[in-house]
Structures are given as C-alpha cells and as structure tokens.
Amino acid sequence: MKSSMYNLFVPIDESEYVLYNFLNDSALIVDEDMKLCIEKGELNSSISNQSVKETLLNCGVIVHDDINERKLYLYRYNIEKYAPSYSLFIVLTTFACNLSCPYCYEGSGEILNSSMDEQTLLKVIDFIKKTTHEDGTREIAIKLYGGEPLLCLDSCYAISKELSKWGDENNIKVNIVLQTNGTLLNENAVRLLTPYLAAVEVTLDGPPESHNKSRCYKNGDGSYEDILRNISLLAGSKTSILLRLNVENSDGLGLLLDNLDKNGLKSWPNLSFYTAHISYYDLCEFFTNDELCLKDINTVLEIRPSLLRVIYEKGWQSKYHMYNMRKQKLVSCNNEKRGRYVVDPLGDIYKCVFTAGDKAHRVGVIKDGGVEWNSAYYDILTRNPLDMEGCADCVYLPNCGGGCASRAFLNKESFNASYCGPIKRIMSKRILLYLKEIYPEKFSRLVI
Ligand code: SF4
Ligand code: SF4
C-alpha cells in the first residue's frame, strides 16, 4: 500500500484535519497521528486496524502499490474530454447590442458590431449538421448568443427552424437556448421562436434600481420593467425561463426576489434561476489578473451561505439551480473538450466564448467546402496536463485539469502550458465551505 498523491490535509482546528482526496472526491476527518502516518507512507506498520485501512482504501486515500494514479487520472480525463454525451454550438448571430452594460466584455457592441450575413448563416447551419455527425453525438445544444441575438431575429429563426427539422429527421435531440438581454423579446419573436426553444436565459442585475443603473439602453434608460413585461409572454409556456440573477449580497437578492414575487414570477411553473456575481473589470484583466479573480471567487464563496438562507427564507428553493461546489474538474473547462464550438458572425470558430472575435484565439474558419481547422484547435484538443510544467506532480490536478487553456495562451503564449490561477489559494476554503454546507451541525463552530 502507498499513500495517494492526490491527498490534501486542510486543518479544521489544532488537532484535526479534513483529508480530501481529489481523485476520488472523498473527504475524511483525521487526527494528527493519522495525518503523519499517511504523509510518511507508514501504512502497514502504523495502521493495524483492518476496517480503518479499508476505509482509507475505499476513499482512495491509500492505493495498492501497483496503481499508477497518473494513468488513472489520464484515463478519466480522456473519457471526459473526448467522449462528450452531446455537442454544444454557441452561435453568435451578431456582436451588436442595444444595451450598454458597463461590464460587458464585448464592449456593448461598440468595438465589434458585425452580424451574420445570409451566406454565412447557411454555412454555419451546414457546419453544425456535419460536425454533429462527425462527433457521433445523438444530442446537440445550440445557444443563440450575441451581442444581442434578437437583433438578428431572422437568423435565430432560420437556425432554430432548420436544425429542429433536421434533428427530427435524423433522430438527433436538438435543445436550443436563447441567451438574450430580454428587451427585444416581443410577441413576434415569441411566436416565431418558442416552437423550437427549450429555454430562454435572461439576466437581471439585482433589484430594479441597481439593474437599471447597469443594464441600460444606449440612452441611459433602464431595462428592468421591459424585461419583466417581455418574459411574461413566456409564462407558463413549454419554453423554460432561466434567470441569471447577478447579486452583490443577500440584501440585494432579497429585494430582487420580493420584486419578482410581487410581479407574479414565483408562480410561473417554467421559471428557474441561478445566482452569479458581476465582475467590473475588462477582458484583459479577466484573463491575466489572478488577484482580481481570487477576490471574485472569495466573494462568491463568502456570500453563498447568506444567499442560500434568503432563498430558503423566501421560499424560492424549488426554483434555484445551486452551483455544485463539489464538482470535479478533470478537464479544466468544458470548452477544452471535443464537441464544443463557438461560432462568431463571420463564421470563425473559437473554443471559448470570451475569446470570440479575437483572431489570435481562433481555432478554425467555416469555408464553402467545410471547416479549416488551424493548429490552435489541435493544440487545445491534444492538451495533456501530465505533459505540462508542474501538473504531473500536483495534488490539485484532478480538480484543476491544468487550468484555463485560453489564459495559458495569453500568459505563456502556448495552449499547452499550465495555468494555476488562484486555485491553490482557494481550494481549502472551498472544501471547508462545502462541508459546512452539507454537515452544518458537525462544522457549526468552524470559522472559515
Ligand atoms: S476563460 Fe478559460 S476557463 Fe473561462 S470559459 Fe474560457 S476557456 Fe474556459
Ligand atoms: S495548473 Fe497549476 S494548480 Fe492546476 S494542476 Fe497544474 S500545477 Fe496544479
């Protein structure tokens, strides 16, 4: 027997630790003596109790001598990366937008503003069909995205109608989601699109007053009332309404939920929501400034318990999609996987939506005869964390996957490089917060 290379000890008081195993996603509480035994690998001589040994083995904390944990990781990584259960196409019908949100990473449609022309649209539809067959997936998700996609309602309609028909004919499940700011969702758009849409996703930036300060039209007018009026056209329909609620704290969330309740949204059977946090920094900082990123993650973790409390107190829990803090990340990001594509209005293909329009990150171009993939595509698809500096021996690997490839490219000029970001500084806190959330009595006195 030997100790796993993916054990992390997180102190909870002077004498006890949470022993978290990243490869098995398991957690135990151990004392100082057990910690020393496991760290020193003195397993046969020091752990005589057979049932303790079995527990450690089941949790992956100790492993048989012949097990190569790196290979085990790589095997699971490969399955997750190369065998997706569905293909995802994020289609930006336009870069233009009718709002002027101060934090917009796309510059509110004022830096890039092109829209998809008819010829490109046909090529994109063809690309989606062919690529789905090549990926061998029987299910696809299409996200209509922008800018504001409804500025190009005709394109949204053509994509939705044609691919839904093609899905039916080919026995491929097609889920189409419209990600819109909600201001252009009028009766005509609802009539044309809802026969095809699985969901509409709309963002609210806190209660009306704060929302109207940030999600405003080009002339400065707020959009809250328009959005609520427009999404009411979908109330009770078979299209789901997913609200992204950007909130700064639990007070803001409480006020927002009260307002939604007052407007009747709590009784809409097809409405659900998740919470998020707004980052007021630009795309360059988002990609390169770890300190800002760390600050954001800390805020999200710190306000989470109070947000949950408000959601339960106000009776919204059945509509809440809770972010799963426990989720393993064998592959650093969904975008790195096979079967994930972002297509911009020019027919250029990217892997990450945050890089769409920046040709340095382009991985392919849709041409008349098909797609021309470039070396960046193959670099990302063949990225192997075990070949990257630091990752092969890193305890965090099964929960990090080598970090964001786009950030690695920007900071180290290579997609095949590691990018730690703040993970090493945040993971212990995240583990403890998670455990406190699911075992509140056991960890009630734990101050994080
Ligand atoms: S920035 Fe990196 S981690 Fe974030 S979505 Fe893009 S590729 Fe994924
Ligand atoms: S990117 Fe950094 S934190 Fe992530 S596995 Fe590699 S060395 Fe570890």
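Presented here is an overview of the structure given in this document. Just so you know, these numbers come straight off a predicted model, no measurement behind them. (Residues numbered from 1 in each chain as written. Chains lettered and ligands numbered in written order. Predicted model: local features only at pLDDT ≥ 70, side-chain atom pairs only at ≥ 80, totals over all residues. Heavy atoms only, no water.)

**A few points about helix H15 (residues 423-438)**
Here's step 1: Between its first and last C-alpha, H15 extends 22 Å over 16 residues, near the 22 Å set by a 1.5 Å rise per residue.
Here's step 2: Those residues of H15 that fall on the buried side of the exposure criterion are Ile423, Ile426, Met427, Lys429, Arg430, Ile431, Leu432, Leu433, Tyr434 and Leu435. (Helix = DSSP H or I, 4+ residues; strand = E, 2+ residues; numbered from the N terminus. Expected span 1.5 Å × (residues − 1). Buried < 20%, exposed > 50% of the residue type's maximum accessible area, 1.4 Å probe, protein only.)

**A closer look at the packing of helix H10 (residues 250-262) against helix H12 (residues 290-313)**
Here's step 1: Running from amino to carboxyl end, H10 crosses H12 at an angle of 25°, the nearest separation of the two axes being 9 Å. Here H10 lies roughly parallel to H12, going by the angle between them. The chirality of how H10 crosses H12 is right-handed. In this structure, H10 uses Ser250, Leu253, Gly254 and Leu257 to contact H12, whose residues at the interface are Ser306, Leu307, Val310 and Ile311.
Here's step 2: Tallied by class, residues from the contact of H10 with H12 come to five nonpolar, three polar and no charged. (Axes fitted to C-alpha atoms, helices over the stretch in contact; angles between N-to-C directions. Parallel < 35°, antiparallel > 145°, perpendicular 65-115°, else oblique. Left-handed = near helix turned anticlockwise from the far one by under 90°. Contact = heavy atoms within 4.5 Å. Nonpolar A, V, L, I, M, F, W, Y, C, P; charged D, E, K, R; others polar.)

**Some remarks on the site of ligand 1**
Here's step 1: The immediate surroundings of ligand 1 are formed by Phe286, Phe287, Cys333, Asn335, Cys352, Phe354, Cys404, Ser406 and Arg407.
Here's step 2: In terms of residue class, the shell around ligand 1 is built from six nonpolar, two polar and one charged. (Near = heavy atom within 4 Å.)

**Considering the site of ligand 2**
Here's step 1: In the neighbourhood of ligand 2, the contacting residues comprise Gly390, Cys391, Cys394, Leu397, Cys400, Gly402, Gly403, Ser418, Tyr419, Cys420, Ile423 and Lys424.
Here's step 2: Each residue belonging to the shell around ligand 2 can be placed in one class, and the counts come to seven nonpolar, four polar and one charged.

**Some thoughts on the packing of aromatic side chains**
Here's step 1: On inspection of all chains with the given rule, the structure shows 15 aromatic pairs.
Here's step 2: Ring geometry for Tyr73 versus Tyr77: centroids 5.7 Å apart, planes at 40°, classification tilted. With a gap of four residues between them, Tyr73 and Tyr77 both fall in helix H4 (residues 69-82), about one helical turn apart. For the pair shown, Tyr73 and Tyr77 are each scored as buried.
Here's step 3: These aromatic residues form a ring-pair network of at least three members: Phe89, Phe127, Tyr341, Trp373, Tyr377 and Tyr378.
Here's step 4: A cation over an aromatic ring shows up here: Lys35 above the ring of Tyr17, its NZ or CZ 4.9 Å from the ring centre.
Here's step 5: Its guanidinium or amino end placed over the ring of Tyr341, Lys351 lies 5.8 Å from that ring's centre, counting from NZ or CZ. (Phe/Tyr/Trp six-rings, centres within 6.5 Å; stacked < 30°, edge-to-face > 60°. Lys NZ or Arg CZ within 6 Å of the ring centre and 35° of its normal.)

**What about unusual backbone geometry?**
Here's step 1: A cis amide bond links Gly146 to the next residue, Gly147, at an omega of 15°.
Here's step 2: For Gly147, the location among the structural elements is in the loop between strand S7 (139-145) and helix H6 (153-170).
Here's step 3: Its identity as a non-glycine residue notwithstanding, Asp25 has a phi of 55°, on the positive side.
Here's step 4: Relative to the elements of secondary structure, Asp25 occurs in the loop between strand S3 (16-21) and strand S4 (26-31).
Here's step 5: With relative accessibility at 16%, the residue Asp25 sits in the buried group.
Here's step 6: The backbone phi angle of Asn171 is positive, close to 55°, even though this residue is not glycine.

**What about the state of the cysteines?**
Here's step 1: Under the counting rule described, the total for this entry stands at zero disulfides.
Here's step 2: Free of any disulfide, Cys152 has its nearest neighbouring cysteine sulfur in Cys156, separated by 6.9 Å. (Disulfide = S-S within 2.5 Å.)

**Topic: the packing of H12 against H15**
Here's step 1: Look at H12 against H15: their axes get within 11 Å of each other, and the N-to-C directions meet at 5°. On the basis of their axis angle, the class for H12 and H15 is roughly parallel. In contact with Asp290, Glu291, Leu294, Ile297, Asn298, Leu301, Glu302, Arg304 and Leu308 of H12, H15 contributes Arg425, Ile426, Lys429, Arg430, Leu433 and Glu437.

**A look at the pattern of salt bridges**
Here's step 1: Here the structure, examined in full by the defined rule, presents 20 salt bridges.
Here's step 2: Residues Lys123 and Asp368 are paired through a salt bridge, measuring 3.5 Å at the closest nitrogen-oxygen approach. Placement of the pair is Lys123 in helix H5 (residues 118-135) and Asp368 in the loop between strand S14 (364-367) and strand S15 (370-373), with a sequence separation of 245 residues.
Here's step 3: Here Asp368 falls in the exposed class, since its relative accessible area comes to 67%.
Here's step 4: A salt bridge links Arg229 to Asp226; the shortest N-O distance between them is 3.2 Å. Here Arg229 and its partner Asp226 are both found in helix H9 (residues 224-231), three residues apart, which amounts to about one turn of the helix.
Here's step 5: Each of Lys81, Glu336 and Arg383 takes part in a single network of salt bridges with overlapping partners. (Salt bridge = Lys/Arg side-chain N within 4 Å of Asp/Glu carboxyl O.)

**Brief notes about the environment of Asn246**
Here's step 1: Inspection of the secondary structure assignment puts Asn246 in strand S10 (residues 240-246).
Here's step 2: Residue Asn246 is classed as buried on the basis of its relative accessible area, which comes to 3%.
Here's step 3: Separated by 42 residues in sequence, Asn246 and Leu204 have C-alpha atoms that sit 6.1 Å apart.
Here's step 4: Contacts of Asn246, omitting those with residues within four sequence positions, involve Tyr103, Thr203, Leu204, Asp205, Gly206, Ala276, His277 and Ile278.
Here's step 5: At 2.7 Å, the side chain of Asn246 and the side chain of Arg244 are in polar contact. (Polar contact = N/O pair within 3.5 Å; in protein donor to acceptor, adjacent residues only side chain to side chain.)

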